[in-house]
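# Topology and contacts: notes
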Amino acid sequence: MRDYAETIGFLGQWGRFQQIVFFSLVATIMPNGFGAFTLVFLTDTPSHHCLVSGYCLPRNTSLEVDGKQELSRCSRYRLDVVRNLSAQGYIPGRDVNLTDLEEEGCVDGWSYSKDIYESTIVSEFDLVCSNQWKQPFTSTVFFVGGLLGSFLSGQLSDRYGRKPVLFAALALQTVFTFAQVFSGSWIMFLIILFINGLGQMSNFVAALVLGSEVLTGKVRVLYSSLGTCLGFAIGYMILPLLAYFLRDWKSLSLALSLPCVAYVPFWWLMPESPRWLLSRGRVEEAEAIIRTAAKWNKVQALRIICEDCGVSELSLKHYWINPRSTTLILCFVFTMIVGYYSLSFNTAQLHENPYISCFISAVVEIPAYISSWMALLYLPRRLFTDLIRVLSLTVYLYLQTKQMYYSLDLSNLALALEMLGKYSITTGSSLMFAYTAELYPTVLRNTATGISNTVSRIGSCIAPLLLSLGMYYKYLPYIILGSLAVVAAFAALFLPESFKKPLPETIEQMQRRER
């Protein structure tokens, strides 16, 4: 059976056809960047205190925060008691000890500061005090949607094609990001957010695999490691800039949904994957796409292009039966994604200005993606994967040690270490998505990438909960992240090497590589 990359070698690697596919796919990934971390701003909790109307002194109970007296967020003095004391001529705080006054909850609601945000869903739906658990739960629901979407998109894409799933996911994101604006309750917002999450990573997986199959050679490596991730990072950097000027959560959601409409013309620019068409026996359609590519690149196509270059169709069970060892190992390796999301959400709190901290967290991904691209070009996959996990582990341990013995919290050194950890985990995550696409044959590639991405979504689901463990034992998040880094590094030693090897077209080729 002829190798597909050799079959289409006459097209070259960087003609007009490849350029259009490359930049179009990178553009479709940008919404994932601002979509994945929109909740940093949508679910942030503004400063707040109990709403008291008609009485100024004393308004609320107070508590000490960082050496300063602040109004209590969840309780106030009983107004009827204050009213009776005032009627008798007593002044609370002077004639009556405040500690003796009875307290009650914020029965009249809350007053929210507008210093940073005009509104968030926390202030919109009062997700504070007894309802505070709903704030991290909202993020978890979104990522659960992404988890389910990653799993389903892989199977749908292998069955119905890369291109339809890609554009269906984009449409899902656009429609339901827009629909969030009209949420009348937290439950309604949660349902819409879950459906939005279904499309969030589905288009990333479909775009990653489509580009990996259409492009060849060094351009494929450039796209898989640097192109897709830079598209994500650009979207990530756009988010804090938009959020800075649009500080109302509804305006921000509306602004993030509108750009996706611009992708409609891409349907006529972007081809289906010829590899996938060949795997389904649709040789004539695959040849038509290749001949169109030859015309765009101004080269002469062969008279017979796809003779003896098809691949057999396989059912999903082969994904688990034949390459089961690779599948299980990848599930362990992708546990590292919990570190990526934990550090991403945590670094957003390292500066008093959330817009600056989010932008810094996004910018640090650029050198990480460049490093991943260079490593994919010149280094064996397994070696670099383990080196980057050792670096992550070192950062986690050093942060924990410094905090335990030197009381290092948010100093410049701690910030630098957090950024180094973000750099290393981002580099490793970027490499693993490209590495996974190289390990599986065409008929299973999107399913494999989707299921591996599903495992990574589990990490994103538990990241908000993992960070909250620091309230009980502040070193615990770093201990867990360090332990996961050890597991991932050990598991990666057993993955087959794909450096400087062609993409496998059949299960047999994959099994030979595993052995």
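Because the structure is predicted, anything quoted here is derived from the model rather than measured. Chains are numbered independently. Their residues run from 1 in the order of the written sequence. Note on the predicted model: pLDDT of at least 70 is required for a residue's local features to be given, and 80 or more for side-chain atom pairs to be given and counted; whole-chain, interface and lining totals, by contrast, use all residues. Only heavy atoms go into the side-chain values, all of them from the structure, while hydrogens and water stay out.

### Re the overall build of the protein
Comment: elements are numbered from the N terminus, with helices defined as DSSP H or I runs of at least four residues and strands as E runs of at least two. For the protein, the helix and strand inventory stands at 24 helices and 6 strands. Three labels apply to residues, based on accessible area from a 1.4 Å probe with only protein chains included: buried if under 20% of the type maximum, exposed if over 50%, partly exposed otherwise in between. Per-residue burial over the protein gives 55% buried out of 515 residues. Pairs at least 24 apart in sequence give 81% of the contacts found in the protein among residues at least 6 apart. What makes two residues a contact is simply this: any of their non-hydrogen atoms within 4.5 Å.

### As for the UniProt feature "transmembrane region" (unreviewed entry) in the protein
UniProt positions are given in the numbering used here, feature names are shortened, and annotations may be inferred rather than shown by experiment. With numbering matched to this structure, UniProt assigns "transmembrane region" (unreviewed entry) to residues 20–42, 136–153, 165–182, 188–210, 222–246, 325–342, 354–376 and 475–495. Annotated as residues 20–42, this span is 91% helix and 0% strand, and its ends, taken at the C-alpha atoms, are 34 Å apart. Helix makes up 96% of residues 354–376 and strand 0%. Its end C-alpha atoms lie 34 Å apart.

### Considering the packing of aromatic side chains
Pairing of aromatic rings covers Phe, Tyr and Trp, the last through its six-membered ring, and needs centres within 6.5 Å; plane angles under 30 degrees mean stacked, over 60 mean edge-to-face, and all others mean tilted. The tally for this structure, following the rule as stated, stands at 22 aromatic pairs. Ring geometry for Trp 14 versus Phe 23: centroids 6.0 Å apart, planes at 65°, classification edge-to-face. Classification of Trp 14 as partly exposed rests on a relative accessible area of 39%. For Phe 23, a relative accessible area of 53% gives the class exposed. Within the aromatic cluster, the residues linked to one another by ring pairs are Phe 41, Tyr 117, Tyr 244, Phe 245 and Tyr 355. Think of it as a cone above the ring: NZ of Lys or CZ of Arg counts as a charge over the ring if it is within 6 Å of the ring centre and within 35 degrees of the ring normal. Between Arg 16 and the ring centre of Trp 296, over which it is positioned, the NZ or CZ distance is 5.9 Å.

### Looking at the nonpolar core
In summary, soluble globular proteins display a tendency toward joint burial of nonpolar side chains. As used here, the term nonpolar core means buried Ala, Val, Leu, Ile, Met, Phe, Trp, Tyr and Cys residues forming a set that is joined through side-chain atoms within 4.5 Å. Grouped together as the largest cluster of nonpolar side chains are 108 residues, with contacts concentrated most on Phe 37, Phe 41 and Met 432. Top element by residues in this core is helix H10 (residues 217–245). It accounts for 11 residues.

### Re the pattern of salt bridges
Basic side-chain nitrogens of Lys or Arg form a salt bridge, by our definition, when they fall within 4 Å of a carboxyl oxygen of Asp or Glu. Evaluation of the coordinates by the stated rule reveals 5 salt bridges. With a closest N to O distance of 2.6 Å, Arg 162 and Glu 213 form a salt bridge. With Arg 162 in helix H7 (residues 162–179) and Glu 213 in helix H9 (residues 202–214), this residue pair connects regions lying 51 residues apart in the sequence. For the pair shown, Arg 162 and Glu 213 are each scored as buried.

### Description of the environment of Leu 239
With respect to the element layout, Leu 239 can be found in helix H10. Residue classification places Leu 239 among the buried positions, given a relative accessible area of 0%. As for Leu 239 and Ala 362, which are separated by 123 residues in sequence, their C-alpha atoms are 9.3 Å apart. When sequence neighbours within four positions are dropped, the list of residues in contact with Leu 239 reads Phe 34, Phe 37, Thr 38, Phe 41 and Leu 256.

### A word on the state of the cysteines
Note on terminology: pairs of cysteine sulfur atoms within 2.5 Å are recorded as disulfides. Tallied over the entire structure, the rule returns 2 disulfides. Sulfur-sulfur distance for the disulfide between Cys 50 and Cys 106 comes to 1.7 Å. For the disulfide bridge between Cys 50 and Cys 106, the dihedral angle about the S-S bond is near -60°, and by the sign convention the bridge is left-handed. Linking Cys 50 in strand S1 (residues 48–50) with Cys 106 in the loop between strand S5 (103–104) and strand S6 (110–112), this pair joins segments that are 56 residues apart in sequence. On the basis of relative accessibility, which here comes to 0%, the residue Cys 50 falls in the buried class. Through a disulfide, Cys 74 is tied to Cys 129; the S-S separation comes to 2.0 Å. With the S-S dihedral at roughly -95°, the linkage between Cys 74 and Cys 129 falls on the left-handed side. Pair noted here: Cys 74 is in the loop between strand S3 (68–71) and strand S4 (76–77) and Cys 129 is in the loop between helix H5 (121–125) and helix H6 (134–160), with a separation of 55 residues, a long-range link.

### Overview of the packing of H7 against H9
To describe two helices that pack against each other, one gives the angle between their axes and the distance between the axes. The axes used here are C-alpha line fits, helices contributing only the stretch in contact, and every angle between their N-to-C directions lies in the interval 0 to 180 degrees. Remark: H7 packs on H9, axes separated minimally by 8 Å, with the N-to-C direction vectors making an angle of 150°. In this view, H7 runs roughly antiparallel relative to H9, as classed from their interaxial angle. As for how H7 packs across H9, the hand of that crossing is left-handed. Every residue of H9 that contacts H7 at Arg 162, Val 165, Leu 166, Ala 169, Leu 170 and Gln 173 is listed here: Ser 202, Asn 203, Ala 206, Ala 207, Val 209, Leu 210 and Glu 213. All amino acids are sorted into three groups, where Ala, Val, Leu, Ile, Met, Phe, Trp, Tyr, Cys and Pro are nonpolar, Asp, Glu, Lys and Arg are charged, and the leftover types, Gly among them, are polar. By residue class, the composition of the contact of H7 with H9 is 8 nonpolar, 3 polar and 2 charged. Should an angle fall under 35 degrees it is taken as roughly parallel, and over 145 as roughly antiparallel, whereas 65 to 115 is taken as roughly perpendicular and any remaining angle as oblique. Handedness of a crossing follows from how the near helix is turned relative to the far one, being left-handed for an anticlockwise turn of less than a right angle and right-handed for a clockwise one.

### Notes on unusual backbone geometry
A positive phi angle is found at Asp 126, which is not glycine, with a value near 55°. Topologically, Asp 126 is positioned in the loop between H5 and H6. Under the relative-accessibility criterion, Asp 126 is labelled partly exposed at 27%. For Lys 298, which is not glycine, the phi dihedral falls at a positive 60°.

### Some words on the packing of helix H2 (residues 16–36) against H10
Remark: H2 packs on H10, axes separated minimally by 6 Å, with the N-to-C direction vectors making an angle of 40°. Put simply, H2 runs oblique to H10. When you trace H2 past H10, the crossing you get is right-handed. Together, Phe 22, Leu 25, Val 26, Ile 29, Met 30, Asn 32, Gly 33, Phe 34 and Ala 36 of H2 and Val 219, Leu 222, Tyr 223, Gly 227, Thr 228, Gly 231, Phe 232, Ile 234, Gly 235, Tyr 236, Ile 238 and Leu 239 of H10 make up the contact between the two elements. Among the residues forming the contact of H2 with H10, the class breakdown is 15 nonpolar, 6 polar and no charged.

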